[in-house]
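Secondary and tertiary structure notes
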Amino acid sequence: MPRKGRVTRRKLTPDSRTGDPIVAKFINSLMYDGKKSKAEKIFYDSLDRIREKTGKDPLEVFLDALDKVKPSVEVRSRRVGGANYQVPMEVSSFRKQSLGIRWLINSSRSRSEKSMVDKLSSEIIDAHNNRGSAVKKKEDIHRMAEANRAFAHYRW
């Protein structure tokens, strides 16, 4: 945290093929060791695979899947009087987006299909249909926040 002033968020340049900054952020998160062209190839090939499987616009399917994975509440640990409480709190829009992207990528990496293109396209389709481990992760977080709703008054 800086001592003086707030940190300004950098504007992300939109993606070259789709013109969408969310896609650019997703590709940057998908990237390993600075290999951006490889990450772009994986993402665009998975979009082509989504078009083959669903017959719908793959960018709309991707954005819908990302919206269905984004959490609206999460629990944060608060120390009050020597005890730690899991306090449910609203999630900011930037954190929603980054958590959704992270969960989609991590759950697609943990799938058992052969290539990353297959894994990513299958996970995006599953999230679009409200299935898959990324959606399950979001539901688990929401369930935990609902269970700890009694400690909501510790939020500040």
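The structure under discussion appears in the preceding block.
First, a word on scope: everything that follows refers to the structure included in this document. Predicted model, so just to flag it, every value in this text is computed and none were measured.

Cut-offs applied
- Residues numbered from 1 in each chain as written.
- Predicted model: local features only at pLDDT ≥ 70, side-chain atom pairs only at ≥ 80, totals over all residues.
- Heavy atoms only, no water.
- Helix = DSSP H or I, 4+ residues; strand = E, 2+ residues; numbered from the N terminus.
- Buried < 20%, exposed > 50% of the residue type's maximum accessible area, 1.4 Å probe, protein only.
- Contact = heavy atoms within 4.5 Å.
- Areas by Shrake-Rupley, 256 points an atom, 1.4 Å probe, with all protein chains shown as cover.
- Core = buried A, V, L, I, M, F, W, Y, C linked by side-chain atoms within 4.5 Å.
- Expected span 1.5 Å × (residues − 1).
- Arc of directions from axis to C-beta.
- Axes fitted to C-alpha atoms, helices over the stretch in contact; angles between N-to-C directions.
- Parallel < 35°, antiparallel > 145°, perpendicular 65-115°, else oblique.
- Left-handed = near helix turned anticlockwise from the far one by under 90°.
- Pairing = 2+ DSSP bridges.
- Salt bridge = Lys/Arg side-chain N within 4 Å of Asp/Glu carboxyl O.

Further remarks concern the overall build of the protein. A count of helical and extended segments in the protein gives six helices and two strands. Each helix (α) and strand (β) of the protein, taken in turn from the N terminus, gives the series α-α-α-β-β-α-α-α. Over its C-alpha atoms, taken along the principal directions, the protein stretches across nearly 55 × 40 × 25 Å. Looking at the 156 residues of the protein, the share that counts as buried comes to 37%. For the protein, contacts bridging at least 24 residues in sequence account for 59% of all contacts bridging at least 6. Here the protein displays about 10000 Å² of accessible surface, and carbon together with sulfur accounts for 48% of that area.

Okay, the environment of His142 next. Mapped onto the secondary structure, His142 falls in helix H6 (residues 133-147). Overall, His142 belongs to the partly exposed group, its relative accessible area being 24%. Remark: the alpha-carbon pair of His142 and Ala127, spanning 15 residues in sequence, is separated by 16 Å.

With that out of the way, let us pick up the nonpolar core. With 29 residues, the main nonpolar core has Phe26, Leu30, Phe43, Phe62, Val69, Leu104 and Ile124 as its most contacted residues. If you list the elements that add at least two residues to this core, you get helix H1 (21-30), helix H2 (36-54), helix H3 (58-69), helix H4 (93-109), helix H5 (116-128) and H6. By residue number, the principal contributor to this core is H3, which donates six residues. In this view, Phe26 contacts Phe43, Phe62, Ile101, Leu104, Ile105 and Leu120; residues no more than four positions away in its chain are not counted.

Between its first and last C-alpha atoms H6 spans 21 Å; for 15 residues at 1.5 Å apiece the expected length is 21 Å, and the two agree. Turning to H6, its buried residues number three or more, namely Ala134, Val135, Lys138, Ile141 and Ala145. Buried residues of H6, viewed axially, fall in a sector of 120 degrees; they line one side. More than 90 degrees from the buried face of H6, the exposed residues found are Arg143 and Ala147. Here the buried face of H6 lies against H3, strand E1 (73-80), strand E2 (83-90), H4 and H5.

Geometry of a packed helix pair, given as the angle between the helix axes and the separation of the axes. The N-to-C vectors of H1 and H2 enclose an angle of 120 degrees; their axes lie 8 Å apart at closest approach. Taken together, the axis directions place H1 and H2 in an arrangement best described as oblique. In terms of crossing hand, the pair formed by H1 and H2 is right-handed. The segment H1 lies against H2, with Val23, Phe26, Ile27, Asn28 and Leu30 engaging Lys36, Ala39, Glu40, Ile42, Phe43 and Tyr44.

We now examine the pairing of E2. Two elements, E1 and E2, share eight bridges in a ladder whose sense is antiparallel. The residue of E2 that forms the bridge with Arg79 is Asn84. With antiparallel pairing between neighbouring strands as the criterion, E1 and E2 make up a hairpin whose turn holds two residues, including Gly81 at a positive phi of roughly 60 degrees.

On to the pattern of salt bridges, then. Scanning the model with the defined rule gives 14 salt bridges in all. With a closest N to O distance of 2.8 Å, Arg111 and Glu123 form a salt bridge. One end of the pair, Arg111, is in the loop between H4 and H5; the other, Glu123, is in helix H5, with twelve residues separating them in the sequence. A residue is classified by how much of its surface remains accessible, and Arg111, at 22% relative accessible area, is partly exposed. By relative accessible area, Glu123 is classed as buried at 1%. Linking Arg143 and Asp140 is a salt bridge whose minimum nitrogen-to-oxygen distance equals 2.9 Å. Note that Arg143 and Asp140 are positioned in helix H6 at a spacing of three residues, about one turn of the helix. Taking the relative accessible area as the measure of exposure, Asp140 reaches 29% and is therefore partly exposed. Beyond isolated ion pairs, a larger network of salt bridges with shared partners links Arg111, Glu113, Glu123, Asp126 and Arg131.

From the geometry alone we can't say anything about function, so treat these as descriptive.
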